[in-house]
Amino acid sequence: MRSAFERYEQGSAALLVNRAWCKGCTLCVDVCPSRILALDAAQLVHVSDIGKCIFCGLCAARCPDFVFVVERPKRRNARVRAGAGSN
Amino acid sequence: MRSAFERYEQGSAALLVNRAWCKGCTLCVDVCPSRILALDAAQLVHVSDIGKCIFCGLCAARCPDFVFVVERPKRRNARVRAGAGSN
Amino acid sequence: MPRVGEDLRKYLRVEMLPNVWCPGCGHGNVARGIAAALDDLQLPLEQLVMVGGIGCSGRTPFYFNASAMHTTHGRALAFATGIKLAKPELTIIVTMGDGDAAAIGGNHFIHACRRNIDLTAIVYNNSTYGMTGGQHAPTAPRGTRSSTTPRGSIEPPFDMVELALGAGATYVARTTTFDFEELPRRIAEAVRHPGFAVVEVLTQCPTFYGRMNGLGDAAAMLDYERDQTASCERITKEDLVGKLPLGVFRQAECPEYVREYAALCAASRGEGGQA
Amino acid sequence: MPRVGEDLRKYLRVEMLPNVWCPGCGHGNVARGIAAALDDLQLPLEQLVMVGGIGCSGRTPFYFNASAMHTTHGRALAFATGIKLAKPELTIIVTMGDGDAAAIGGNHFIHACRRNIDLTAIVYNNSTYGMTGGQHAPTAPRGTRSSTTPRGSIEPPFDMVELALGAGATYVARTTTFDFEELPRRIAEAVRHPGFAVVEVLTQCPTFYGRMNGLGDAAAMLDYERDQTASCERITKEDLVGKLPLGVFRQAECPEYVREYAALCAASRGEGGQA
Amino acid sequence: MIPHDPFQVRLSGSGGQGVILAGVLLAEAGMHDGLQVVHTQSYGPAARLGAAKSEVVLSRHEIAFPEIGLPDAVVCLSRDAYVKYGSQLARDGLRIVDEQVASELPVAPDGAIVLPIIRTARELEAGGAITANVVALGAFVALSGAVSEDGLRRALRERVKPETFDVNQRAFDAGLRLGAAIAAAKAG
Amino acid sequence: MIPHDPFQVRLSGSGGQGVILAGVLLAEAGMHDGLQVVHTQSYGPAARLGAAKSEVVLSRHEIAFPEIGLPDAVVCLSRDAYVKYGSQLARDGLRIVDEQVASELPVAPDGAIVLPIIRTARELEAGGAITANVVALGAFVALSGAVSEDGLRRALRERVKPETFDVNQRAFDAGLRLGAAIAAAKAG
Amino acid sequence: MRPMRLIQGNEACALGAIRAGCSFYAGYPITPASEIMEWMARLLPPRGGVFLQMEDEIAALGAVIGASWAGAKAMTATSGPGFSLMQEHIGYAAMTETPCVIVDSQRGGPSTGMPTLPSQGDVMQARWGTHGDRPAIVLTASSVRDTYEVTVAAFNLSETYRLPVVLLLDAILSHMRENVELPELEVVDRARPDAPEGFQPFAGQEFLPFGAGANVVVTGLAHAESGRPRSSDGVNLERMLRRSLDRLAADAELISRYRTYRAEDARHLILAYGITARAARAAVDRLRSDGIRAGLLELQTLWPFPERLVAELASRVEQLIVPELNLGQLVWPVRAAVAGAAPVRALNRADGRLFSPPEIAAAVAEQEVAHAAGR
Amino acid sequence: MRPMRLIQGNEACALGAIRAGCSFYAGYPITPASEIMEWMARLLPPRGGVFLQMEDEIAALGAVIGASWAGAKAMTATSGPGFSLMQEHIGYAAMTETPCVIVDSQRGGPSTGMPTLPSQGDVMQARWGTHGDRPAIVLTASSVRDTYEVTVAAFNLSETYRLPVVLLLDAILSHMRENVELPELEVVDRARPDAPEGFQPFAGQEFLPFGAGANVVVTGLAHAESGRPRSSDGVNLERMLRRSLDRLAADAELISRYRTYRAEDARHLILAYGITARAARAAVDRLRSDGIRAGLLELQTLWPFPERLVAELASRVEQLIVPELNLGQLVWPVRAAVAGAAPVRALNRADGRLFSPPEIAAAVAEQEVAHAAGR
């Protein structure tokens, strides 16, 4: 069973990605402000450059399949909570 | 089968009463402005004095059992149409 | 409207009378209201179908000199929908009780409101299940007693007018058996309305609801109807406090389903529809 | 509310993932919204029961680390009512689709609204029957296509908010899968509400509704949700024209059924109740 | 006590006359007397509006079949009830008919005991006639002896609302007197 | 035409790859060739999300049993489909697997014909790969000879939307060429 | 011994439910079952039990199943039209192995039919009314006292086998009154696992309700023993259905309630059930007094159908007579079980009236073999 | 002869309905029947027929019955859960002698079960699912072409006998495609009286819809021939039910659709129906080639059950084998009809898979007599 989360780190922050739950809908690709997400040949999401990730969490917020988990240092909270998505 | 309407006349006006359909609920008795309706020993409506009838039709309007029919000369219409019953 | 006291026998299936209802039951008042409305409407009776549900009110169709379909509990509107779409030239009046329309039949009721098919639904609201012996109905006010709420009901009731409006009905009115002049007027309006029309009629059940709640005989219950209600049009806001409003709550011309369907068929005729 | 991107796995029955929904299906967004709300609510999960109907949305309970009851089509609220009354200490979230809640389950929906039992009902409105292949749903706007309205629907849709209000619900809100912050907030509010709470969520079905109506992929459908709606609180009347309002439409404290019932029991205890 | 075994009684009247309760009281009286009893009744709109019936089987033995065949006694409190339920009766059976009912019949019922049941109740109550059922039971007990006075009094005490017990007690006594007078006349 | 009678084909892929339609086209081609045909398929969320299958039985005679036993040919367009439906095959059966699928398998499928089906489709369409199903059919027709080219072209013409006929036609041709190349190599 | 009382069949049913520990009732009014509901409305609140009037019969049984999964012993009662509406949820209860009791007081059918008149027209529906196969226990009763006892038995069987149990009454039995002493009867509660850890809700008879430490999964889809859906894999489903059916078969003697009357040396065996068994019993006495060796097999458990018992008795008689207040229902499995060992005669009426003892006696006495039923 | 086409079972059903003159469809989505609805949504509007998606299956059949009384030939289609919900209205249609067709594409049950997998689990429900007794006609089919023809037959029988007719398909047949030529078939319309005057809607087979000059009265209560309710008098009702049942019995040969295959000299008779009959037919060939004299009786009419036919064939064989995709349903009436004349072996599976020809052949070849079904 493919189920483990792959871990992409940038300092103390990390983006966890579970490709086993991905269905290739591209909602995350569409929403990523850093343009670091894309589908691979197997039509599953992959992270092209974790160095550019701002850990905004929009990929996780948009993903209907719980593919993403964002681990952040505490201080980032304020900024992230004001993230996009509201009318 | 008891089903015929009994006819009570007053000049060219008449009150028709079908006791076979009466169930003795007294709604007509209650509403009759001339107090000429009552239940008899068999608990059915009877007309005590057709001479006092004003042919207002309230007995018919209130009766849930189609027991009454009022036959009137045409000229009475206006008065009767303004009969009671509205809020 | 016919004159008060008019001979309405031609609208009745007289050989089925006397009706099955208890002495003083308001359903007979509603039936008279329907007959008076028919006298006003002057419809061809052979094109009229009366459709009833199960319960005291569901028996109404038997007493009219028209086609009659006494259906199943709560589903009268589903049958009526099929009849109307299969033969749009028919006029259809559906008689339902509160248990019928609001309890088991609530879904068919709201969908009929939504679809806006040209049917007239008369909801006899006597706050009880009469035919089965006086059980609680979902229109009965909080605190009222019945054979299934011997200690008083703790449930909020439906307001059938609000429910019909919320579901999208295009004609919605409420009246009472007390008002024997407004009752046929509303029914006639509803039948004339080109779409789905709901008339809720507050009606007395002296045998169960009245007796169990100490409301007196039929005459006293009619007075109670009068005292508990007020016209939504004629009075000030203060008069309405604690009273159930009566009158016409919506009367809107909206696309009617049968006509829309006919247009759909006409538009599709070119396609052929391979078979 | 949890931070955006938070690890919500502890609320999930991870061994049931990936879920059954199609790529880009908004039901997964709703599921995340529920998980985020749970993170906010900090309820004991062993006292949480998720109850689902039949259809795509009905599968939601399987994916949560709580008790799960996947019931029958349209009837989830009836089961939930039984669970809650039999064990009032449980928290119950009911997930239903539009076909589930508004078509076959409309009657249970309006009666749950009326009774005001402390349950939370989440109505996933994607305007279609997804599980069975994209048939017309009673929430789908007039003119939309589906496998059963190949020429466009001629039916007016339900407005679920209006329906819930008309039926007497005490908390009524509408939100969208677009708004991933408001969605969990509404769900948490609804769970906290001491009475029956309805949250309608507009959600995308790219596989059927989107494809059949030319609305593009999931991302495009989220934008469409945004463009078709407007908050009922923040904007002027002109902004609302042609848009579906979002927000909280009613939030009222009314007698809650389970508490009323407990009071009834307490009051009746003196009687003994002969047996 | 019961003249035959089983002893089958059919009470009938119009809806609201309380014949259902009368049957229940009779059955309970039989039970208090140590008999096996079965009570059946008509139901639904017919029972509320038209003619209602209430039937009791009394026996010293287990009662296999719950319905009554040819009744050993009938009591009729309304014309419609008489037409519908009053005609069948075992040979030498007891038929009690209210005088008002009898007066409405084209032909007087053969061998019936005609009693002023409703009138007696009305006089007792000064208006209504809701105890006609209990007056009738009193007459029935006096004439048939099928159940004991004590059994029926106990049934009344246990079954009717406390506030109506007195008037029912008086109705029962009045009925007993009506019946006893006829019984005495017959015996004399 | 069909190498055995009945000839049983199992097409599989992920939801959205059009294997259901491919099966229908194959069955219609067989029908146009004068064969008896039965087509069955998987349904529901599994078919939309996971692995979908589409099965065709071709025969010169009436087909009693509609499902296939051990297939005479399998076509796999996705890894999940291969895992679920790709392993069973009659001895000497034909197994066509997309190159991408083959690359994801831990062990190369024994005796399989690996073809760049999805890539070919993608090149034809400049982006999507919705004609992979028809490319696969072309290869299948070339390699199996079970149905005629003409039959399949007629099925395409009658079944696909007019605006997509051209691209499908080209996909079919490309598939034929892929298959023919292998066939020639084998024969050679 | 409790005091002698005159009570109605429907009241006895409600009292039996209370005795059995029923703490949840949800229902909807219908003749002739309404009094069961009315009694439960009176009896439950003082005991802290839940009484709920639902919007329809479908919702009533849905609430009952939900309550059962919340741990309550739960019941509903209805008549034919409501019983038809409940069929989907009866299947759901069977699929989810939910203990609950459904009372159907039979009235004249089909459809609205004859609401106040008795019938035995739902006997096959009680077994076959829902789609798909399911293990079924269906009981019936012929007296007010039986009604009380069989209601307790219905709960006990329901708790033991984790199944919906159907109790068939009829319009006469529901409404008739008899003098009875209500005995204290033994009560069975559903088995609980020792600990919630690792609890598999569909691995056996043990049960844990919602909120008891195991996050139970319940679905009407085919599922694994964990409760998780397996809607495309029927092997589990068939195994679980067969396990339930086998368990019922193994416990046939416990489940099968019946009584015989003068059957030991009978040449003419009347097989009857419910209200009809009373006339049959009287007919046996009548026939015996005329020198005809008649006997009665009265079934209280209709399903699982006691095939072995019927086959065994059939092998010793000249004929079986099966009187039913329907147009021939239980006679089908009787004929299947008898398998030609003796002629089986169906005696049917569907006019809303009971068979009288003389009618049954006359039918037994006729020596000619009537047409077999069901045509 | 019309052109050869590749069509799905559900499409064939829709085309059969159109061919039979169906002008009204009301339904509700459900797997695996939804495509029937989708085809009707496409086919009806251009023909001026009515297509209606209702709020549930109960409403769908209600609308169908209403439409039939407005004069339309009307149909609905569903699967198990919806079929369970329709049971009350099936009884109403029977009670009101309403011509209509109800298609049930069977899927794995009970309850939500296995929505995409085939089953024959609703065979008894189709006969006994509603409360009370009723005349029932239940048909089934085993191929796409049969589906077309049997749908036409369902309408014709429905119109002839003024009854709801049930057509049982299954998930495989509904979704499979076969090449077929669709023949022109004869179509029957309900009989009309010469004049509306004095028309008694329930005096016989003649029918007048609403709005045709007679103010027809229709009720689900027991009623007189005039249609007027007689809810406390079952004599009328029983007479009318028996009249319908007798008519079906008298016309048994017209109604009973079946085919035999190599049955003349068979020692082992397989009695099968629906999709299972196809495997059975292949099994017969396989057994014959092994020298075993097997034969097939394929029933298309399941109810009224062809008792005489089965009894007659049973008298000539060593054993009957009844394979069903359920846990033993039609085997009950088979056993009743056979009455011990030959051993009857039930072969059952309820795991959502079809019997394969080798499985059936192996079961026939086994000489040992297995346990009878239903325990």
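Everything that follows concerns the structure shown earlier in this document.
Every value quoted in this text rests on a predicted model; they were computed, and no experiment measured them. (Residues numbered from 1 in each chain as written. Chains lettered and ligands numbered in written order. Predicted model: local features only at pLDDT ≥ 70, side-chain atom pairs only at ≥ 80, totals over all residues. Heavy atoms only, no water.)

Asks: Where do I start with the arrangement of the chains in this structure?
Replies: Contacts are most numerous between chains G and H, taken over all 14 pairs of chains that touch. Structurally, chain D and chain E remain out of contact, their C-alpha atoms never closer than 13 Å. Separated throughout, chain C and chain F approach each other most closely at a C-alpha pair spaced 13 Å apart. (Contact = heavy atoms within 4.5 Å.)

Asks: Sorry if this is basic, but what is going on with the relation of the copies chain G and chain H here?
Replies: The two chain copies are connected by a rotation around an axis plus a translation along it. Of the two same-sequence chains, chain G is brought onto chain H (RMSD 0.0 Å, axial shift 0.0 Å) by a rotation of 180°. These values place the two chain copies in the arrangement generated by a two-fold rotation axis. With an isologous cut-off of 70% or more, the 98% of interface residues of chain G that recur at the interface of chain H puts this contact in the isologous class. (Least-squares fit on C-alpha atoms with pLDDT ≥ 70 in both.)

Asks: Can you help me understand the packing of helix α2 (residues 76-86) of chain D against helix α3 (residues 57-69) of chain G in this one?
Replies: Geometry of a packed helix pair, given as the angle between the helix axes and the separation of the axes. Two elements in contact, α2 of chain D and α3 of chain G, have axes separated by 6 Å at closest approach and are oriented at 45°. Taken together, the axis directions place α2 of chain D and α3 of chain G in an arrangement best described as oblique. By crossing handedness, the relation of α2 of chain D to α3 of chain G is classed as right-handed. Across the interface between the two elements, Ala-78, Phe-79, Gly-82, Ile-83 and Ala-86 of chain D of α2 of chain D pack against Ala-59, Gly-62, Ala-63, Ile-65, Gly-66 and Ala-67 of chain G of α3 of chain G. Classifying every residue of the contact of α2 of chain D with α3 of chain G by side-chain character gives eight nonpolar, three polar and no charged. (Axes fitted to C-alpha atoms, helices over the stretch in contact; angles between N-to-C directions. Helix = DSSP H or I, 4+ residues; strand = E, 2+ residues; numbered from the N terminus. Parallel < 35°, antiparallel > 145°, perpendicular 65-115°, else oblique. Left-handed = near helix turned anticlockwise from the far one by under 90°. Nonpolar A, V, L, I, M, F, W, Y, C, P; charged D, E, K, R; others polar.)

Asks: What is the right way to look at the pairing of strand β3 (residues 51-59) of chain F in this model?
Replies: Side-chain direction in a regular strand flips from residue to residue, so the side chains alternate between the two faces of the sheet. All names here are of chain F. For β3, a buried count of eight out of nine residues is recorded, marking the element as mostly surrounded by other parts of the structure. Relative to β3, strand β1 (residues 7-14) runs antiparallel, the two sharing eight bridges. Within β3, the position partnered with Arg-10 by the bridge is Glu-55. As paired strands, strand β2 (residues 36-41) and β3 are joined by six bridges and run antiparallel to one another. Bridge pairing links Gln-36 to Ser-59 in β3. (Buried < 20%, exposed > 50% of the residue type's maximum accessible area, 1.4 Å probe, protein only. Pairing = 2+ DSSP bridges.)

Asks: Hey, could you run me through the packing of aromatic side chains in this one?
Replies: To describe a pair of aromatic rings, one takes the distance between the centres and the angle between the planes. All chains considered together, the criterion is met by 24 aromatic pairs over all chains. Between the aromatic rings of Tyr-129 of chain D and Tyr-28 of chain H, the centroid separation amounts to 5.4 Å while the plane-to-plane angle is 90°, which identifies the pairing as edge-to-face. Taken together, the positions of Tyr-129 of chain D in strand β5 (residues 128-129) and Tyr-28 of chain H in the loop between β2 (24-27) and α2 (34-43) put the pair across two chains. For the pair formed by Tyr-129 of chain D and Tyr-28 of chain H, the shared burial category is buried. (Phe/Tyr/Trp six-rings, centres within 6.5 Å; stacked < 30°, edge-to-face > 60°.)

Asks: For this particular structure, what's the right way to read helix α6 (residues 132-144) of chain E?
Replies: Every α-helix carries 3.6 residues per turn, so stepping three or four residues along brings you back to the same face. Residue and element names in this part refer to chain E. With 13 residues, α6 extends 18 Å between its outermost C-alpha atoms, agreeing within 8% with the 18 Å of an ideal straight helix rising 1.5 Å per residue. In terms of burial, α6 is a largely internal element, 12 of the 13 residues being buried. Positive backbone phi, at 65°, marks Gly-145, one or two positions downstream of α6. (Expected span 1.5 Å × (residues − 1).)

Asks: Please explain the packing of helix α1 (residues 19-32) of chain F against helix α7 (residues 149-159) of chain F as it appears in this structure.
Replies: Residues and elements named next belong to chain F. With their axes 8 Å apart at the nearest point, α1 and α7 run at an angle of 125° to one another. It follows from the interaxial angle that α1 and α7 lie oblique. In the crossing of α1 with α7, the sense of the turn from one axis to the other is right-handed. The segment α1 lies against α7, with Leu-21, Val-24, Leu-25, Leu-26, Glu-28, Ala-29 and His-32 engaging Gly-151, Leu-152, Arg-154, Ala-155, Leu-156, Glu-158 and Arg-159. Classifying every residue of the contact of α1 with α7 by side-chain character gives eight nonpolar, two polar and four charged.

Asks: What am I meant to see in the interface of chain A and chain F here?
Replies: Often, the extent of an interface is quoted as the loss of accessible area on bringing the components together. On the side of chain F, five residues touch chain A, which itself brings five residues to the contact. When chain A packs against chain F, the two sides together hide about 330 Å² of surface, and 49% of this comes from carbon and sulfur. Inspection of the chain A/chain F interface yields zero salt bridges. Its residues assigned to classes, the side of chain A that touches chain F comprises two nonpolar, one polar and two charged. (Buried area = accessible area lost by both parts, 1.4 Å probe. Salt bridge = Lys/Arg side-chain N within 4 Å of Asp/Glu carboxyl O.)

Asks: How do you make sense of the side chain of Arg-177 of chain G when you look at a structure like this?
Replies: Among the secondary structure elements, Arg-177 of chain G is positioned in strand β9 (residues 177-181). Polar side-chain contacts of Arg-177 of chain G include one of 2.8 Å to the side chain of Gln-41 of chain E. (Polar contact = N/O pair within 3.5 Å; in protein donor to acceptor, adjacent residues only side chain to side chain.)

Asks: Looking at this structure, how should I read unusual backbone geometry?
Replies: Residues apart from glycine generally show negative phi values, whereas peptide bonds are mostly found in trans. Look at the link from Leu-17 of chain D to Pro-18 of chain D: it is a cis peptide, with omega at 5°. Look at Asp-92 of chain F: it is not a glycine, yet its phi comes out positive at around 65°. If you check the backbone angles, Glu-97 of chain G has positive phi at about 50° while not being a glycine. Counting through the fold element by element, Glu-97 of chain G comes out in the loop between α5 (87-95) and β5 (100-108). Residue Glu-97 of chain G is classed as buried on the basis of its relative accessible area, which comes to 5%.

Asks: How do you make sense of the interface of chain G and chain H when you look at a structure like this?
Replies: Facing the 64 residues of chain G at the interface are 64 residues of chain H. Here chain G and chain H share an interface that buries about 5400 Å² over both sides, 60% of which is from carbon and sulfur atoms. It is Pro-110, Trp-128 and His-131 of chain G that lose the most area in chain G upon contact with chain H, and together they represent 14% of the buried surface on that side. The residue Glu-307 of chain G makes a salt bridge to Arg-335 of chain H at a minimum N-O spacing of 2.5 Å. Breaking the side of chain G that touches chain H down by element, the ones donating at least two residues are α4 (80-85), α5, β6 (114-118), α6 (123-128), α9 (234-250), α12 (307-314) and α13 (331-338) of chain G. When residues of the side of chain G that touches chain H are assigned to their parent elements, the largest contribution, eight residues, is made by α9 of chain G. Residue composition of the side of chain G that touches chain H, grouped by class: 27 nonpolar, 25 polar and 12 charged.

Asks: Explanation requested: the environment of His-175 of chain H in the structure shown.
Replies: Mapped onto the elements of the fold, His-175 of chain H is located in helix α8 (residues 171-175). Between the alpha carbons of His-175 of chain H and Val-188 of chain H there is a distance of 28 Å; along the sequence they are 13 residues apart. Excluding residues within four positions of it along the chain, His-175 of chain H makes contact with His-39, Gln-41 and Tyr-43 of chain F together with Gln-8, Asn-10, Pro-32 and Glu-35 of chain H. Here the side chain of His-175 of chain H touches Glu-35 of chain H through a polar contact of 3.2 Å, side chain to side chain.

Asks: I'm lost on the sheet that holds strand β2 (residues 67-70) of chain D in this one. Help?
Replies: What holds strands together in a sheet is hydrogen bonding between their backbones, with the strands either parallel or antiparallel. Strand order in this open sheet of nine strands is β9(D)-β10(D)-β7(D)-β8(D)-β4(D)-β3(D)-β1(D)-β2(D)-β10(G), and the pairing throughout is mixed. At either margin of the open sheet sits one strand with a lone partner, and together these are β9 (229-231) of chain D together with β10 (217-219) of chain G. Averaged over all pairs of adjacent strands, the angle between their axes in this sheet comes to 20°, without regard to strand direction. Across six bridges, strand β4 (residues 120-125) of chain D lies against strand β8 (residues 197-202) of chain D in parallel orientation. For Asn-125 of chain D, the partnering residue across the bridge sits in β8 of chain D and is Leu-202 of chain D. Of the strands in this sheet, β3 (91-97), β4, β7 (171-176), β8 and β10 (244-251) of chain D touch helix α6 (residues 182-192) of chain D, which is tilted by about 165° from β7 of chain D.

Interpretation in functional terms is not warranted from these geometric data alone.
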